[in-house]
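Residue-level listing of the chains:
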Amino acid sequence: MRFLFYFFILLVTPSCMGASKYSQTINNPPYKNFVKIFKELKLTKCKKSNKEKLDCVAESYYSTGSGLVVEVGLGDEVVILSAGHVCTSSFELKKEDQNYIYYWSESIKILDYKKKFHEAAVVISEHASRNSGTSDLCSLIIPDLKKSYFPDRVRMSKVQPKIGEKVYYIGAPLGIYHPPTALITSGIFSGEIDDISSLTSLMASQGASGSVILSMDGKIYGVLFAVHSEYKGATIITSFKKTKNFLIKTKKYIEILNLQ
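**Quick notes on the pairing of strand 7 (residues 166-171)**
Then, number 1: Across the six residues of strand 7, five count as buried, placing the element largely inside the fold.
Then, number 2: For strand 7 and strand 8 (residues 183-192), the ladder comprises six bridges, and the chain directions are antiparallel. Each residue of the ladder has a partner; that of K166, found in strand 8, is I188.
Then, number 3: Two elements, strand 7 and strand 10 (residues 212-214), share two bridges in a ladder whose sense is antiparallel.

**Examining the nonpolar core**
Then, number 1: Formed by 58 residues in total, the largest nonpolar core has its most connected members in V70, L81, I110, L140, F150 and I220.
Then, number 2: When residues in this core are grouped by element, the largest group, five residues, is from strand 11 (residues 220-227).
Then, number 3: Excluding its chain neighbours within four sequence positions, the residues that come into contact with V70 are V79, L81, V154, I220 and L247.

**Thoughts on the confidence of the model for the protein chain**
Then, number 1: Summing up the model confidence of the protein chain, the mean pLDDT is 86 and the portion of residues at 70 or higher is 85%.
Then, number 2: This stretch, residues 1-23, has a pLDDT under 50; its non-local contacts, to residues over four places away or in other chains, come to zero contacts.

**A short note on the state of the cysteines**
Then, number 1: Counting across every chain of the model gives two disulfides.
Then, number 2: Each sulfur in the disulfide pair C46 and C56 lies 2.1 Å from the other. Sign of the S-S torsion, about 110 degrees for the bond between C46 and C56, identifies this disulfide as right-handed. A residue pair is termed long-range when its members are at least 10 positions apart, and C46 in strand 1 (residues 34-47) and C56 in strand 2 (residues 55-70) qualify at 10 residues.
Then, number 3: Exposure remark for C46: the relative accessible area of 2% places this residue in the buried category.
Then, number 4: For C56, a relative accessible area of 35% gives the class partly exposed.

The rules behind these values
Residues numbered from 1 in each chain as written. Predicted model: local features only at pLDDT ≥ 70, side-chain atom pairs only at ≥ 80, totals over all residues. Heavy atoms only, no water. Buried < 20%, exposed > 50% of the residue type's maximum accessible area, 1.4 Å probe, protein only. Helix = DSSP H or I, 4+ residues; strand = E, 2+ residues; numbered from the N terminus. Pairing = 2+ DSSP bridges. Core = buried A, V, L, I, M, F, W, Y, C linked by side-chain atoms within 4.5 Å. Contact = heavy atoms within 4.5 Å. pLDDT = per-residue confidence, 0-100. Disulfide = S-S within 2.5 Å.

Encoded structure:
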């Protein structure tokens, strides 16, 4: 009987230890601050002509991305951090398109954890460029909401991530989102690539762009904006310094807008 009792303890103990260890990995993930971003691009393509009536074709394109409501030290403004290409498109006319004139407009809606849609406006949007030194970042505001709508205050980390440190994000890869339940994905911070980007082992796919990368205690490290085409476990995020400076810039822009 005593032998069987000890054997039972040996079977149970590892599972208890494992559950306890798992419960301490992520400290209160701010899943209610996650938003799914919907962008609509309306594009009108008109053929250049000497005729009074232009030959035009109108098209609409839709895309989705991820974002997180973050704290930048302002009043009641609801500020969302995401990736630049999620919020705005970057067009370059190709040689074969020089005979056309393009007109386009973009609009953004966000879906929150209460399954409600809201209009959002871009504060700043930058695309990744080593030449200009900008990373792929965007900040949005939701004019019709106040801070109290979102329960958590997600802030920028005071310290940079270390190589080998575990990180995670809350996102909507492939558009997967079941409010208020959002996918939480963890990985390892692998180090800086250059001044504007860093490498992680987070798994990602289309739709996860714009996901805010967090430390295990919920502090901001960067924003996911690219994934390797052949290996979905090699993801590129914005650098810590660029992300920190971008949030400072966002705060200044909003303060200026509020004075006007």
